[in-house]
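Structure assessment
Here is how the chains run, residue by residue.
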Amino acid sequence: MLKSYKLAVLKLKLPFLTTPPMDDINLLIVLMPIWWFLGVEQFVWLLALPVIFIKMCWIRRGRLIVPEVSRWLMLFLAAYLISGTSLTELSQLGGFLRRFSVFVSSFLLLIIFVNSIHTWKQIQNTIRSLLFFMGTAALIGLLGIVGLWRPAFQAPAVNFMPGFLSRSLIGEFISSRTIGVYANLLNVQYFRVNSIYLYPIMYGTALAVTIPIALFARQSLSDKSKEKLIWTMLAILLVVNLVFTTGRMAWLAFLGGGLFFWFFVRQRRQSLDKLLLFFLVFGVLLFGGSILVMSGALGKDLAEQVNSFIYARSTNQRLLLYAVTLEEYLKKPIFGWGVQIEHPAVNLPLGTHGYYMAILFRHGAIGLLMFALMLWSLWRGTRPIRTVGAVDARVLTINEFLQYGRWSIVAALLDGLATVHLYDTSLTIVLWVLYSLLIASRRIGLQIRFARPDTDVNCTKDFR
C-alpha cells in the first residue's frame with residue numbers, strides 16, 4: 001500500500017516542478033487569457049521562464065545547445081546594457097530594465113525550445129497551444145466587434161502593484177482592462193479591437209504572423225474534414241480581427257509576407273491551397289485598387305478618401321518623428337540614448353513608432369548591427385529544407401511548416417518598419433515562440449532527413 005502511494009506521488013505532475021519544460025511553456029501559452037484577466041500577462045513570462053530554464057539546465061546536466069541566433073542576441077544584450085550609460089534620469093531606469101527583461105525572456109525561450117524539443121509531436125503540441133490562445137483572443141475580439149461583450153474592469157493585479165508601477169503608462173493600461181475602443185476613420189465610427197493585447201497595432205502584428213500558421217495547420221495538421229473546417233474557421237476569425245485592428249502596417253505586412261511566400265517560397269509543383277489563394281487575391285485587389293484610386297483613375301473624390309485613409313491618425317507626425325530622430329541620433333551614434341526621449345519639435349517620443357529606428361536611436365549603430373546580424377541568423381536558421389530524395393513524411397511536413405514560417409517572418413520584418421514590438425510582452429512572446437518553433441523544427445527535420453533508417457532520431461547535434 002505504501003509502495004503504491006509513493007509511486008502515485010512520483011507520477012503526479014505538478015506544473016513547473018515535475019513536468020517537462022515544454023509542458024510548462026504550453027500551459028503558459030494556453031492560460032494567456034487568464035493572465036490577461038488577472039493583469040499579470042506582462043510579467044508572468046519574466047518570472048516563469050527563469051524557473052523553466054533552471055529546471056531544463058538541471059535535466060540536461062548543464063550540457064546546453066546554444067544556437068547561432070542566441071549568440072548574436074547575447075551580443076545585442078551587451079550593447080543594450082552599454083547604452084544604459086546614457087540614461088540621465090532615474091525614472092528612465094524602470095522602462096529600460098523592463099525592455100531588457102523582455103529581450104532576456106526571448107533568449108531564454110529560444111534556449112529552452114532548442115534544448116527541450118526532440119520530436120515533431122512536441123512541435124505540433126506547441127503549434128496547437130499557440131493557435132488555441134490566438135483563437136481565444138480572436139473570439140473575445142469578435143464579441144467586442146459585434147457588440148455582444150465589451151468589458152471594462154480593473155485587473156486584480158492592480159491591488160498588489162507598487163506605486164511607481166501603477167502610475168506608469170504600462171500600469172495605466174494594466175489597471176484598465178478593455179478589449180477595444182471606439183475609433184473614427186474616414187468619418188466612420190467603429191470598434192477598434194485589441195482583444196487581450198495592450199494596443200490594437202500589437203494585436204494586428206500578432207494576427208499577421210499567426211494567420212499563416214493557422215493556414216499551415218489546416219493544410220498539414222489534419223486529415224479529417226471536421227478538423228479542416230475548424231482550422232478554416234479559425235483562419236477566417238483571425239482575418240476578421242486583423243481587419244478591425246485597422247493596423248495598416250499589419251495589413252501590408254501580412255500581404256507582403258503572403259506575396260513573398262507565393263512567389264519565392266512555394267515550389268511550383270505544389271498547388272496553392274484555395275483559402276490561401278483567396279486571401280492573396282483579395283489582398284492584391286484591395287491594395288491594387290487603392291493605388292488606382294490614388295492615381296485618379298477612378299475619380300478624384302474617392303482618391304481623396306483613400307489618401308485620407310493612408311495619412312490618417314499619426315502618419316504625418318511619424319514622418320516628422322523619423323527626421324528628428326535621425327537628427328538627434330547623430331549626437332550619440334555609437335551606443336545610442338538608451339531609451340526613448342521627449343522632444344519639443346514633435347509630439348511623439350523619439351525612438352518610437354518603428355522597431356529598427358527605435359533600436360538605432362536607443363542602442364546606436366552597434367546595437368542595430370548586432371540586432372541585424374541576429375535577424376540574419378534567424379533567417380538562415382529557419383530556411384526550408386531540401387526534400388529531394390526524402391522518404392520520411394515528417395520531413396515533408398516540417399518543410400511545409402518552415403515554408404509557412406517564411407510568410408510569418410517576412411510579415412514580422414515588414415511590420416517592424418512602423419511598429420515597436422517590445423511594448424507588449426504578449427506580442428514578443430508570440431513572435432519568439434514562433435521563431436523558436438521554426439528553429440527547433442529545422443533541427444529536427446535535418447536530423448530525420450539525414451538519419452539512417454535503422455537509427456532513432458536524436459536531436460542533440462547543433463545543425464545550422
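To start, this report covers the structure provided alongside it. Residue indices begin from 1 for each chain and proceed along its sequence in written order. Two thresholds apply to this predicted model, a pLDDT of at least 70 for residue-level local features and 80 or more for giving and counting side-chain atom pairs, whereas whole-chain, interface and lining totals are computed over all residues. The side-chain values count all of the structure's non-hydrogen atoms but skip hydrogen atoms and water molecules.

1. Quick notes on the packing of aromatic side chains
Each pair of aromatic rings is reported with the distance of its centres and the angle of its planes. Between the rings of Phe, Tyr and Trp (Trp by its six-membered ring), a pair exists once the centres lie within 6.5 Å; its type follows the angle of the planes, with under 30 degrees stacked, over 60 edge-to-face, and the other angles tilted. Counted according to the given criterion, the structure contains 24 aromatic pairs. Ring centres of F260 and F264 lie 5.3 Å apart, and the angle between their planes is 40°; on these two criteria the pair is classed as tilted. Within this pair, F260 and its partner F264 are both found in helix 12 (residues 248-265), separated by four residues, close to a single helical turn. Judged by its relative accessible area of 64%, F264 is exposed. When the ring of W262 is compared with that of F263, the centres are 5.6 Å apart and the planes differ by 15°; the resulting orientation is stacked. Only protein chains enter the accessibility calculation, which uses a 1.4 Å probe; a residue is then buried when its area is under 20% of its type maximum, exposed when over 50%, and partly exposed in between. Given the relative accessible area of 27%, W262 is considered partly exposed. An aromatic cluster is present here, built from F76, Y80, F96, F100, F103, Y355, Y356 and F371 joined pairwise through their rings. Working definition: helices are DSSP H or I runs of at least four residues, strands are E runs of at least two. Numbering for both runs from the N terminus.

2. As for the side chain of S195
Relative to the elements of secondary structure, S195 occurs in the loop between strand 4 (188-193) and helix 10 (200-220). When checking whether two residues touch, look at their non-hydrogen atoms; a contact exists if any pair is within 4.5 Å. Among residues more than four places away in sequence, those in contact with S195 are W36, A137, A138, I140, G141, T178, I179 and Y203.

3. A closer look at helix 12
Any helix carries an expected span of 1.5 Å times its number of residues minus one. The end-to-end C-alpha separation of helix 12 is 24 Å, in line with the 26 Å expected for 18 residues at 1.5 Å each. Where helix 12 is concerned, the buried positions are R248, A250, W251, A253, F254, L255, G257, G258, F261 and V265.

4. Digging into a nonpolar patch on the surface
Residues enter patches when they are more than 30% accessible in relative terms and free of salt bridges; like-charged ones are connected within 9 Å and nonpolar ones (Val, Leu, Ile, Met, Phe, Trp, Tyr) within 5 Å. Per-residue and other accessible areas follow the Shrake-Rupley method at a 1.4 Å probe size, with only the shown protein chains counted as cover for residues. By definition, a salt bridge exists where a carboxyl oxygen of Asp or Glu is found within 4 Å of a side-chain nitrogen of Lys or Arg. On the surface, a nonpolar cluster with roughly 250 Å² of combined accessible area is contributed by I34, F37 and L38. Looking at the secondary structure, you find I34 in helix 3 (residues 32-38).

5. Let's talk about unusual backbone geometry
Unlike most non-glycine residues, S195 shows phi in positive territory, near 50°. The class for S195 is buried, based on a relative accessible area of 0%. The phi dihedral of H353 falls on the positive side, at around 60°, and the residue is not glycine. Within the fold, H353 resides in the loop between strand 6 (346-350) and helix 16 (355-381).

6. Things to note about the pairing of strand 6
For strand 6, a buried count of four out of five residues is recorded, marking the element as mostly surrounded by other parts of the structure. When DSSP finds two or more bridges between two strands, those strands count as paired. Note: strand 5 (residues 341-343) against strand 6, two bridges, orientation antiparallel. Counted as the bridge partner of H343 is V346 from strand 6.

7. What about the packing of helix 16 against helix 17 (residues 393-415)?
For the pair helix 16 and helix 17, the least separation of the axes is 14 Å and the interaxial angle reads 165°. Between helix 16 and helix 17, the crossing angle belongs to the class labelled roughly antiparallel. Pair helix 16 / helix 17 crosses with left-handed handedness. Judged by residue contacts, Y356, L375 and W379 of helix 16 engage R406, I409, V410, A412 and L413 from helix 17. Lys, Arg, Asp and Glu make up the charged group, whereas Ala, Val, Leu, Ile, Met, Phe, Trp, Tyr, Cys and Pro make up the nonpolar group; the residues left over, Gly among them, are polar. Here the residues of the contact of helix 16 with helix 17 are counted per class, giving seven nonpolar, no polar and one charged. Between N-to-C directions, angles cover 0 to 180 degrees, with each direction set by a line fitted to C-alpha atoms, over the stretch in contact for helices. Any angle from 65 to 115 degrees is called roughly perpendicular, while one under 35 is roughly parallel, one over 145 is roughly antiparallel, and all others are oblique. Handedness of a helix crossing follows the sense of rotation of the near helix relative to the far helix, less than a right angle counterclockwise being left-handed and clockwise being right-handed.

8. Points about the pattern of salt bridges
This model, assessed by the stated rule, comprises four salt bridges. With a closest N to O distance of 2.4 Å, D24 and K55 form a salt bridge. With D24 in helix 2 (residues 21-30) and K55 in helix 4 (residues 44-59), this pair connects stretches of sequence that are 31 residues apart. In this structure, D24 and K55 share a single accessibility class: buried. Among the salt bridges present, the one from R177 reaches E41, with a minimum N-O distance of 2.9 Å. Of this pair, R177 sits in strand 2 (residues 176-178) while E41 is found in the loop between helix 3 and helix 4, placing the two residues 136 residues apart along the sequence.

9. Notes on the packing of helix 17 against helix 18 (residues 425-450)
Their axes nearest at 9 Å, the elements helix 17 and helix 18 cross at an angle of 150°. The angle between the axes of helix 17 and helix 18 places the two elements in the roughly antiparallel class. Pair helix 17 / helix 18 crosses with left-handed handedness. Of the residues in helix 18, those in contact with R394, V395, I398, F401, L402, G405, S408, I409 and A412 of helix 17 are L431, L434, Y435, L437, L438, S441, R442, I444, G445, I448 and R449. Looking at the contact of helix 17 with helix 18 residue by residue, the class counts come to 13 nonpolar, four polar and three charged.

10. Looking at the nonpolar core
Each nonpolar core is a collection of buried residues, namely Ala, Val, Leu, Ile, Met, Phe, Trp, Tyr and Cys, held together in the definition by side-chain atoms within 4.5 Å. Core analysis: the largest hydrophobic core is formed by 129 residues, its most contacted members being I25, W45, F103, I127 and F401. Looking at which element gives the most residues to this core, the answer is helix 18, with 15 residues. Among all residues touching W45, those that are not within four sequence positions of it are I25, L28, I29, M32, P50, S105, L109 and I429.

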